[in-house]
Amino acid sequence: MSKMNPVVHFEMPANDRKRMADFYTKVFGWKAEMLGEEMGNYVTVATTEADENGRPKNPGAINGGFYPKTADTSPYPSVVIAVG
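Criteria and thresholds
The residue count restarts for each chain, going from 1 along the sequence in the order it is written. The model is predicted, so local features are restricted to residues of pLDDT at least 70 and side-chain atom pairs to those at 80 or more, both for listing and for counting; the totals for chains, interfaces and linings are taken over all residues. Side-chain descriptors were evaluated using all non-hydrogen atoms of the structure, hydrogens and water having been removed beforehand. A run of H or I in DSSP counts as a helix once it spans at least four residues, and a run of E counts as a strand once it spans at least two, with each numbered from the N terminus. Here the expected length of a helix is defined as 1.5 Å per residue gap, with one fewer gap than residues. Throughout, exposure labels follow a simple rule: accessible area from a 1.4 Å probe, protein chains only, divided by the maximum for the residue type, with under 20% read as buried, over 50% as exposed, and the rest as partly exposed. Picture the helix axis, draw a direction to every C-beta atom, and the arc is the one those directions span. Here a residue-residue contact requires only that any non-hydrogen atoms of the pair lie within 4.5 Å. Being paired, for any two strands, means DSSP has found at least two bridges between them. To define axes, lines are fitted to C-alpha atoms, for helices over the stretch in contact only, and angles between the resulting N-to-C directions are given on a 0 to 180 degree scale. Here a polar contact means two N or O atoms within 3.5 Å. Within protein one must be a hydrogen donor candidate and the other an acceptor candidate, and residues neighboring in sequence count only if both atoms are side-chain atoms. Two aromatic rings from Phe, Tyr or Trp, using only the six-membered ring of Trp, form a pair when their centres are within 6.5 Å; if the ring planes differ by under 30 degrees the pair is stacked, by over 60 it is edge-to-face, and anything between is tilted.

**With respect to helix α1 (residues 17-28)**
Between its first and last C-alpha, α1 extends 16 Å over twelve residues, near the 16 Å set by a 1.5 Å rise per residue. The complete set of buried residues in α1 reads Met20, Ala21 and Tyr24. Buried residues of α1 fall within an arc of 95 degrees about the axis and therefore sit on the same side. Along α1, the residues that are exposed and aim more than 90 degrees away from the buried face are Lys18, Arg19 and Lys26. Check the buried side of α1 and you find it contacts β1 (7-14), β2 (31-34), β3 (43-46) and β4 (63-68). Downstream of α1 by one or two residues, Gly29 has phi in the positive range, about 75 degrees.

**Digging into the sheet that holds strand β5 (residues 78-81)**
Judged by pairing direction, the sheet is mixed, and its five strands sit side by side in the order β2-β3-β4-β1-β5 without closing on themselves. The two strands at the open ends of the sheet, each matched to only one other strand, are β2 and β5. Here the strands of the sheet are splayed against their neighbours by 20 degrees on average, with no regard to which way each runs. In this fold α1 packs onto β1, β2, β3 and β4, with an angle of close to 160 degrees to the strand it touches most, β2.

**With respect to the pairing of β1**
Every other side chain in a regular strand lies on the same face of the sheet, so the side chains alternate between the two faces. Judged from the four bridges that link them, β1 and β5 form a sheet pairing that is antiparallel. From the neighbouring strand, Phe10 faces β5, where its bridge partner is Val79. Sheet analysis places β1 next to β4, joined by six bridges and oriented parallel. Of the residues in β4, the one forming a bridge with Glu11 is Gly65.

**Quick word on the side chain of Asn63**
Relative to the helices and strands, Asn63 is located in strand β4. A polar atom in the side chain of Asn63 sits 2.5 Å from the backbone nitrogen of Thr47. From its side chain, Asn63 meets the backbone nitrogen of Thr48 in a polar contact 3.2 Å long. Apart from the residues within four sequence positions on either side, Asn63 is in contact with Val8, His9, Phe10, Val45, Ala46, Thr47, Thr48, Ala50 and Pro56.

**Observations concerning the packing of aromatic side chains**
Under the criterion given, the structure shown has eight aromatic pairs. Note on Tyr24 and Trp30: the rings are 4.9 Å apart at their centroids and 15 degrees apart in plane angle, and the pair reads as stacked. Accessibility assignment for this pair places Tyr24 and Trp30 in one class, buried. Joined through ring pairs, the aromatic side chains of Phe10, Phe23, Tyr24, Phe28, Trp30 and Phe66 make up one cluster.

See below:
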């Protein structure tokens, strides 16, 4: 059996980044970091502990982020799969 390519990251749109960050932190224990305007008001979320390179330490776990939902952004979540 050949090695399967893993899901490595997710992104979802958010109408209200503070409300979204508070929800995922409270309900799932995720850690959110709100970036500034220079980074597009993106919010990174850690769903699991990462190593010094930013890669999840737990096999199969992924981290992700949220971007502001606007008329110019995709209204759908995205999943990033490693290829190589």
